[in-house]
Structure formats: C-alpha cells, structure tokens
Amino acid sequence: MNTQNFKQTIEQAAKKIGIDLIGFASKKRFENVDAQHNPFSIFPEGKTVIMVGKRICRGTLRGIEEGTNFGDYNRFGKNWLEDEFLAVACYDLVSFLEDNGWEACPLFPNPSELGPQGVSVADGRPAPNVYPDFDYAAVACGLGEIGLNGIFLSQKFGPRQRFHMIITDAEIEESPLFEGTVCDACGKCASSCPLGAIDVKNTKEIDICGKKMTVADINYDICRSCENGACPSRLAKNANPDRIAALCNRTCICHLEETDILDNKFENTFRQREEWSVGESKNRG
Ligand code: SF4
Ligand code: SF4
C-alpha cells in the first residue's frame, strides 16, 4: 500500500474509533527540535508523528461559564478526556497500526516545560523523560495554529480539543500545514482578563516548520492563581495552568463563534448573560 492510501486507511479507522482530529508529520518537520523535546528521541526508527485529538465538548464549559459548576469540566473536559476517552481512542489506533505490522508508540500529553527527571543512560542520549511539545506537534501535523493567547486553535473547534501523540515507523504521507487563520488578533482574550495577564503590546513570533504565528506575552504566574476558570496543572507544580475554561479563553470561543470561522456550529450562542469575573480589572478601565 502506498503512503497516501495508507493515510486514508488510517483516517477511516480513526473516524470509526471516534477521533475528531488527525494529522501526520514526517520526521523532517522535527529536525530542528532539540533532543530533549524531540519525539524521535523516544523512537529513533520512527518515521511519522500522528496527532490524534478529541473535542472538548462546549457543554463541559457551561458550568464554568455560569459560575455554578467547576467540577464537571475537570472530569469530562480535562481529566477523563485525557485519561480515558482520548487514551482509549489513541490506544485503539495504536493497535490498528500494529495489526498492520507497524510499531506505534503512544504518548500522553505531559507538560513539555517539565525538565528531565532522570540522568542520561548513555552518551548522546537525552535524559529521561523526553516530553515533546504537543502544541508544536499539532501545528506540524497541519491541524491548526497557536493563537495570540498562546493556545492551540483548530478551525473545527477553536481552542476546544486535546491531543495524544503516536510515533510510528510507518511512512505516511504528511498533512499540509494549516494555511488559514483562526485567530484574527482581536485582543478580546487580553481585554477580558481581569488580572492583566496577557500583554498584547509585547509579542513574540514563533515559527513552526515555516508557519509564523504571533503570541502575546503571558504571565503564567498570574494565571496560576486565577480564579476565573483556570486550573493549575495536575501533572506538575511548575507547569503552565490549563486555561481552556478560563474567562480569557471562553471569551475567545464567543468571538470565534461570532466570526463564523469555526466548523463546529451551534444553534445558540455560548454566552447568554454578562460574564462574571473575580479579581482586579486592570484592563477594563
Ligand atoms: S480572543 Fe481574539 S486575539 Fe485572542 S486568541 Fe482569540 S481570536 Fe486571537
Ligand atoms: S487564565 Fe485567568 S489570569 Fe490568565 S489570562 Fe486567562 S483570565 Fe487572565
């Protein structure tokens, strides 16, 4: 089977398994990534990275948008989504690849900002654990872009998805990089933040496989203590917090739905009443 036909076969299998997003990147797209964060440090004979994603259902954010239920997002939108629903889907696709004779190494989205936790086992090998940057990989697999708010955005769901990674020795035709634009630099993520944690006057350009994106300076120390829906990382104290359900990102969702850019459309708007917030209002005047 040629690489294109095999890709279509995998995509069909992924759809049956319930994977919402799938993208492929060759090893070449990771050649400039340092060994400590490079997926091919984990599987040097690997040829392809596959990113598999499932949506964070909009309804999992409802309780936080209303300020009346914070626990169920943590389960359905975060912990169970990563640990159970997505893990099972990823593992089923790993099994599918191995049924076809290709080794497939599944990776959980551990925070890439975690440093090594052990010592190198031999000269020339990075210290364990190598934790790849999943946002980099999702862009490299053509699934979307990083928005001004520093969060990965797809055209299908905006910021509402989570990923697992598979590294395989199967050579698979890579996906084209995403050529569109989801983030229109409206700045509403920053202006909605009551703590002034997103500084749109200070930005940096990031370049992933030639795709250039502008990201605002974000003070994650402020976000770590944010009570507007942000959650501290459950995996590491020093890792960046999960901001998907935070006010900044819920405002981004409202904006992207208004601009009609997202493929996943709803009958009713997400925000039904004035947003609540806790903390200083440095940006709102
Ligand atoms: S709120 Fe606007 S500027 Fe911020 S990430 Fe979303 S689209 Fe981009
Ligand atoms: S997580 Fe909280 S503090 Fe950080 S940018 Fe969003 S709303 Fe602001």
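The following paragraphs examine the structure supplied in this document.

### A short note on the pattern of salt bridges
- All chains considered together, the criterion is met by 17 salt bridges.
- With its nearest N and O atoms 3.5 Å apart, the salt bridge here joins Glu31 to Lys28.
- Residue classification places Lys28 among the exposed residues on the basis of a relative accessible area of 57%.

### Points about the pairing of strand β2 (residues 48-55)
- With seven of eight residues buried, β2 lies mostly within the body of the structure.
- The pairing of strand β1 (residues 21-26) with β2 spans six bridges and is classified as antiparallel. Bridge pairing in β2 places Leu21 opposite Gly53.
- Where β2 and strand β6 (residues 161-168) come together, eight bridges link them in antiparallel fashion. Bridge pairing in β6 places Gly53 opposite Phe163.

### Considering the side chain of Ser192
- Relative to the helices and strands, Ser192 resides in helix α6 (residues 188-192).
- Overall, Ser192 belongs to the buried group, its relative accessible area being 5%.
- Within the local environment of Ser192, its side chain forms a polar contact with the side chain of Thr251, the two groups lying 3.4 Å apart.

### Observations concerning the sheet that holds strand β3 (residues 104-107)
- Overall, antiparallel pairing links the four strands, which are arranged β1-β2-β6-β3 in an open sheet. What marks the edges here is a single partner per strand, and that holds for β1 and β3. Between one strand axis and the next, the sheet turns through 25 degrees on average, direction left out of account.
- The sheet contact formed by β3 and β6 spans four bridges and is antiparallel. Bridging from a neighbouring strand, Leu107 pairs with Met165 of β6.
- Contacts between helix α4 (residues 71-99) and the sheet are confined to β1, β2, β3 and β6, with β6 contributing the most and set at about 25 degrees to the helix.

Conventions we followed
- Residues numbered from 1 in each chain as written.
- Chains lettered and ligands numbered in written order.
- Predicted model: local features only at pLDDT ≥ 70, side-chain atom pairs only at ≥ 80, totals over all residues.
- Heavy atoms only, no water.
- Salt bridge = Lys/Arg side-chain N within 4 Å of Asp/Glu carboxyl O.
- Buried < 20%, exposed > 50% of the residue type's maximum accessible area, 1.4 Å probe, protein only.
- Helix = DSSP H or I, 4+ residues; strand = E, 2+ residues; numbered from the N terminus.
- Pairing = 2+ DSSP bridges.
- Polar contact = N/O pair within 3.5 Å; in protein donor to acceptor, adjacent residues only side chain to side chain.
- Axes fitted to C-alpha atoms, helices over the stretch in contact; angles between N-to-C directions.
- Contact = heavy atoms within 4.5 Å.

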